[in-house]
Amino acid sequence: MATERTLSIIKPDAVAKNVIGDIYSRFEKAGLQIVGAKMLHLSKEQAEGFYAEHKERGFFADLVSFMTSGPVMVQVLEGEGAIAKNRELMGATNPKEAAPGTIRADFASSIDANAAHGSDAPESAAREISYFFQDNELCPRS
Ligand code: RTP
Ligand code: MG
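Residues numbered from 1 in each chain as written. Chains lettered and ligands numbered in written order. Predicted model: local features only at pLDDT ≥ 70, side-chain atom pairs only at ≥ 80, totals over all residues. Heavy atoms only, no water.

The next point concerns the overall build of the protein chain. Secondary structure assignment for the protein chain yields seven helices and four strands. Reading the protein chain from its N terminus to its C terminus gives the helix and strand order β-α-α-β-α-α-β-α-α-β-α. For the protein chain, whose C-alpha radius of gyration is 14 Å, the value lies close to the compact-globule estimate of 14 Å for 142 residues. Expressed along its principal axes, the backbone C-alpha trace of the protein chain runs to roughly 40 × 35 × 25 Å. Counting contacts in the protein chain only where the partners sit at least 6 residues apart, residues at least 24 apart contribute 79% of the total. Just so you have it, the protein chain exposes about 7300 Å², and 52% of that area is on carbon and sulfur atoms. Distance from the positive charge centre (15 side chains) to the negative charge centre (20 side chains) of the protein chain: 3 Å. (Helix = DSSP H or I, 4+ residues; strand = E, 2+ residues; numbered from the N terminus. Rg over C-alpha atoms; globule rule 2.2 N^0.38 Å. Contact = heavy atoms within 4.5 Å. Areas by Shrake-Rupley, 256 points an atom, 1.4 Å probe, with all protein chains shown as cover. Lys, Arg positive; Asp, Glu negative; His and termini not counted. Charge placed at Lys NZ, Arg CZ, Asp CG, Glu CD.)

Written out as structure tokens, the structure is:
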């Protein structure tokens, strides 16, 4: 499997629960390296741009409102199969359907406040990484 990069966001609910370290530990134990990170309080425009693919969906306004409700922790994860591995660690979008032991099963309280985001494909990963990071803000260690 190829080395990949993916964009991860620890959402406002999980930052408020003070579990950034717990989630980082899961990334590290799964063999993913954090090659860039920043804490941000997203503006409405930043959140709308990030989730632009969902702008026609009924949940879009709630999603933007939630994502701007408090600080988020944004990181780039690098490793073999990083995109799928991160999605596996996160679990299903709806925490009621998330497998036991996943980030969303352990920390999410609803489909809106669902603790984490992870890119879903190589194309979205590239777009999402460049949405938040300049090349010189990433520090590859491989
Ligand atoms: P994410 O993009 O945040 O990693 O989540 P995802 O891929 O698992 O889910 P996606 O379909 O991309 O949806 C983005 C976020 O929108 C909220 N959502 N609400 N009420 C609903 O039916 C609904 N569907 C999606 C979720 O917070 C989801 O994480
Ligand atoms: Mg998504």
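The rest of the description comes next.
Right, let's talk about the side chain of Ser124 for a bit. With respect to the helices and strands, Ser124 occurs in helix 7 (residues 122-132). Of note is the side chain of Ser124, whose polar atom sits 2.7 Å from the side chain of Asp120. Of note is the side chain of Ser124, whose polar atom sits 3.1 Å from the backbone oxygen of Ala121. (Polar contact = N/O pair within 3.5 Å; in protein donor to acceptor, adjacent residues only side chain to side chain.)

Two measures describe an aromatic ring pair: the distance that separates the ring centres and the angle between the ring planes. For the coordinates displayed, the defined rule picks out five aromatic pairs. For the pair Phe50 and Phe132, a centre-to-centre distance of 5.4 Å together with 40 degrees between the ring planes defines the contact as tilted. With Phe50 in helix 3 (residues 44-50) and Phe132 in helix 7, the pair connects residues that are 82 residues apart, well separated along the chain. Pair check on accessibility: Phe50 and Phe132 agree, each one buried. Over the ring of Phe133 we find Lys38; its NZ or CZ atom is 4.7 Å from the centre of that ring. (Phe/Tyr/Trp six-rings, centres within 6.5 Å; stacked < 30°, edge-to-face > 60°. Buried < 20%, exposed > 50% of the residue type's maximum accessible area, 1.4 Å probe, protein only. Lys NZ or Arg CZ within 6 Å of the ring centre and 35° of its normal.)

Moving on, we get to the site of ligand 1. Looking at ligand 1, there are 14 residues lining it, with Tyr51, Thr93, Ile111, Asn114 and His117 nearest. In this structure, Lys11 approaches ligand 1 through a side-chain N or O atom, which is 2.9 Å from an oxygen atom. Interatomic distance of 2.7 Å between a side-chain N/O atom of His117 and an oxygen atom of ligand 1. A total of 560 Å² of accessible area belongs to ligand 1 in isolation, and the protein chains cover 80% of it. The cavity where ligand 1 resides is the largest pocket. If you list the elements that add at least two residues to the shell around ligand 1, you get helix 5 (82-90) and strand 4 (116-118). (Near = heavy atom within 4 Å. 1 Å grid on protein atoms, 1.4 Å probe; cavity = no way out; pocket = protein on both sides within 12 Å on 5 of 7 lines; lining within 4 Å. Sits in = over half its atoms within 2 Å of the grid points.)

This part covers the UniProt feature "binding site: ATP" (unreviewed entry) in the protein chain. Residues annotated by UniProt as "binding site: ATP" (unreviewed entry) correspond here to Lys11, Phe59, Arg87, Thr93, Arg104 and Asn114. Those annotated residues from the list above that line the largest pocket are Lys11, Phe59, Arg87, Thr93, Arg104 and Asn114. One can find Lys11 in the loop between strand 1 (3-10) and helix 1 (12-16). Structurally, Thr93 is set in the loop between helix 5 and helix 6 (103-107). (UniProt positions renumbered as here; feature names shortened; annotations may be inferred.)

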